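Observations on chain architecture
Next come the chains, spelled out residue by residue.
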Amino acid sequence: MNQRNFFAELKRRNVYKVAVAYAIVGWLLIQIELTPEGIKRTEDVHLPSGSSSKNRTWIYVAVIGAAISVGLFFIGRYTAPRTSAAEREHPPAVAGPLPQKSIAVLPLLNESGDPKDEYFSDGLSEELIAALAQIRELKVIGRSSSFRFKERKEEPKTIGEKLGVATLLEGTVRKQGDRVRIVAELINAADGIELWTRTFDRELKDIFAVQQEIAAAVASSLKATLLGADQRSAANPKTAEAHNAYLQGHYYFQRRNLEDYRKAVGHYDEAIRLDPEYALAYAERSEAWTLIGDLTGEGKTAWPKARTDAEKAVAIAPALAEAHAALGWVRFFTEWRFAEGLSELKRAKELAPANPTANDLLARVIVYLGRLDEAEKQGRQAVELDPLASAPQNNLARILWYQGKLDEADAAARKTAELQPNSASSRRWQVLVAIQRGDKETALREAQLEPDESYRRFELAVAQFARGDRTAADAALADLIANDRGLDYQIAQVYAVRGEKEKAFEWLQIAMDNHDTGMLGLLVDPLLTSLRDDPRYKNLLAKMAFPATS
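Residues numbered from 1 in each chain as written. Predicted model: local features only at pLDDT ≥ 70, side-chain atom pairs only at ≥ 80, totals over all residues. Heavy atoms only, no water.

A few words now on the pattern of salt bridges. The full count for this structure, using the stated rule, is 45 salt bridges. A salt bridge links Glu-203 to Lys-205, with the nearest nitrogen and oxygen atoms 3.5 Å apart. On the basis of relative accessible area, Lys-205 is assigned to the exposed category, the value being 61%. Arg-380 is the partner of Glu-376 in a salt bridge, and the nearest nitrogen-oxygen pair spans 3.0 Å. Of the two residues, Glu-376 and Arg-380 both sit in helix α17 (residues 372–385), 4 residues apart, roughly one turn of that helix. Accessibility expressed as a relative area gives 11% for Glu-376, which makes it buried. (Salt bridge = Lys/Arg side-chain N within 4 Å of Asp/Glu carboxyl O. Buried < 20%, exposed > 50% of the residue type's maximum accessible area, 1.4 Å probe, protein only. Helix = DSSP H or I, 4+ residues; strand = E, 2+ residues; numbered from the N terminus.)

Given below as C-alpha cells:
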C-alpha cells in the first residue's frame, strides 16, 4: 500500500478527527471516576487499597480496546475492495486483470443519412471482427456482446470491464453511391484515451482492402501478428453488388428467428447469383438451412441443401474458418458423422482462434461425445469470447448440468434468460436444476415462465411430476404429445423421468427414426439414467455410433 495514499485516505475519511475525539474521551476516562457522590477526578477519590489500581486497569483496557476497534474498523474500510451499488447490481463480466492484447469492435455508426443503410455499417463491423479474429494472440469479443452497446452510451472503462478487454475499436461509416468513408478509432478502455484515428475514403470495391488496413493497424498498435489476410481475401466477393446482397442476408440471419432465416436465404441467393464463387455466402446459407430444418422439422429437404452449400464453401475457400465451421456443424448436427464434424470444427478454430462461431459450435458438440471436462473448458472459452451472448451461456449451463455442477449451471442458465428472455428453451436448465435440488416450486415457476410453447409443455410435464401432481403432469404430457413439433426426444425424457420405460423406449425409437437432433444427448443425458442398464438403450447407442471416448 502506498504510504502517502494511505494517510491521504485517512484524512479524507476524517479518521484524524475521530482519532483525536477518541483520545480525548480516553483521557477523560482515565482522569475521572463515577462515585455515589457523582463524577470526581480520579486523584480526589479515596478508595481502599488496591481498588484504584484495579479500576484504572479496567479503564485502560477499555480505552485500548476501543482504540483497537476503531483502528481495525478504518483499516478494514480502507483496505476492503470498494464496490459501488451499481457494481454490486451489475458486476463486471470478467474478473481479474484484462489481457492487453484484447479488443471489442463496437458497432460502427451509420452516418449515411438513410436508416436503410444500417445493414451496411453493421456488416462492416462484423467483418472487422472476423478480420481481427485472424490475429492469433488477440482476444476478440464476438458480435453478440459488442452489439449490445449499439444504442447505449457508456464509458469506455465500463464497456471494457463488461467485455473483458483492454481496447475498443469504434467509428463511423458514410456510404454514398459507389463510395464509402470509414473513420476508425482505437481507444484505450481504461481511460478512454484515443490511441489513433484513421480516415479511409474509398470506392466500395476497395472495402476489403480497408478492412485489412484497419486490422493491420490494430495489430501493429497491440504488437500482435496479423495472420490469414490472404486466406480471407480469397473468400471476398468479386463485385460490390454481391457483397451488398450478402450483408443484407447477414443482417436478417443475425435476428435469429425462422422468418428472418428465410429472408436471409433469399439475399444469400442473390449474392451467389451475382458471384457464384462467394464462399462466405455459401457458408452462411448453409447455417441458415441447418436451422430452418431443425426449427420446422423439414430436415429431409433443408439439410441436404445445407450440406451442399457447406461443401461448396470449403471447396472454394479451403482456408476460410466459417466454411469449415459450417461443414463441421452439418456433419455433426444433421448427418451424425461425429468424427468428421469434430475435425472440421477444430480446423475452423485453428484458422481463426478467436472466431466466436467456431468456438461456440465446437463447445456445443464436444459434450455429446461424453468429454465433459473438455466441453466445459471449451464452453467457458466460448463465453469469454462473447460474454454477453445468450447461446454460449445456454450451452455452458447445459454442460454444467450434465456434470452435476448445479449452482454453476443455475447461474449460467439465469444469465441466459437475462440476456435473451424470449429465446426458446431459456428456462429449461433452471427447471431441471431445481428438480435435482428438490426445489419443486421453483421448478414449476420457471417452467411457467418458459417463452416457447413446446418447451413449456415439456418443462411443465417434468416439473408437475416432480411436485407429485399426477393430474397436472398427465395433462402437460398429453398436451406435449398432441402438439409435438419435433420434440420426440423430450417426450421420451418425460416418460423416463416418470419411470415408464416401455413408453420411453417407444419414443426414443420414434426420435431415432425421425432423426431428432435431441438424440445427440443420448450418451450423457441424466434424465435417461434409469434406462442405461437396459439392452435397448445400449442398442440405441450402438446405432448412434458415437466415437469411443478416451
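Here we take up the side chain of Asp-260. For Asp-260, the location among the structural elements is in helix α11 (residues 258–274). A relative accessible area of 5% places Asp-260 in the buried class. Within the local environment of Asp-260, its side chain forms a polar contact with the side chain of Arg-255, the two groups lying 3.4 Å apart. (Polar contact = N/O pair within 3.5 Å; in protein donor to acceptor, adjacent residues only side chain to side chain.)

Let us look at the environment of Glu-118. Structurally, Glu-118 is set in helix α5 (residues 118–132). Residue class for Glu-118 comes out partly exposed when judged on its relative accessible area of 21%. Sequence spacing of Glu-118 and Val-173 is 55 residues, and the spatial spacing of their C-alpha atoms is 9.6 Å. Discounting chain neighbours no more than four positions away, the residues touching Glu-118 are Asn-110 and Lys-150. (Contact = heavy atoms within 4.5 Å.)

What follows covers the packing of α5 against helix α10 (residues 240–253). Two numbers describe how α5 lies on α10: the axes approach to 9 Å, and their chain directions differ by 90 degrees. The angle between α5 and α10 places the two elements in the roughly perpendicular class. Packed against α5, whose contacting residues are Tyr-119, Phe-120, Asp-122, Gly-123, Leu-124, Glu-126 and Glu-127, the element α10 presents His-243, Asn-244, Tyr-246, Leu-247, Gln-248, His-250 and Tyr-251 at the interface. Class assignment for the residues of the contact of α5 with α10 results in 6 nonpolar, 5 polar and 3 charged. (Axes fitted to C-alpha atoms, helices over the stretch in contact; angles between N-to-C directions. Parallel < 35°, antiparallel > 145°, perpendicular 65-115°, else oblique. Nonpolar A, V, L, I, M, F, W, Y, C, P; charged D, E, K, R; others polar.)

Before going further, it helps to examine the nonpolar core. Trp-401, Leu-508, Met-519, Leu-522 and Met-544 are the most contacted members of the largest nonpolar core, which totals 68 residues. What Leu-508 contacts, discounting residues up to four positions off in sequence, is Tyr-489, Ala-492, Met-519, Leu-522, Leu-531 and Leu-540. Core analysis: the next-biggest nonpolar cluster, separate from the first, contains 66 residues, Ala-131, Leu-222, Ala-302 and Ala-326 among them. (Core = buried A, V, L, I, M, F, W, Y, C linked by side-chain atoms within 4.5 Å.)

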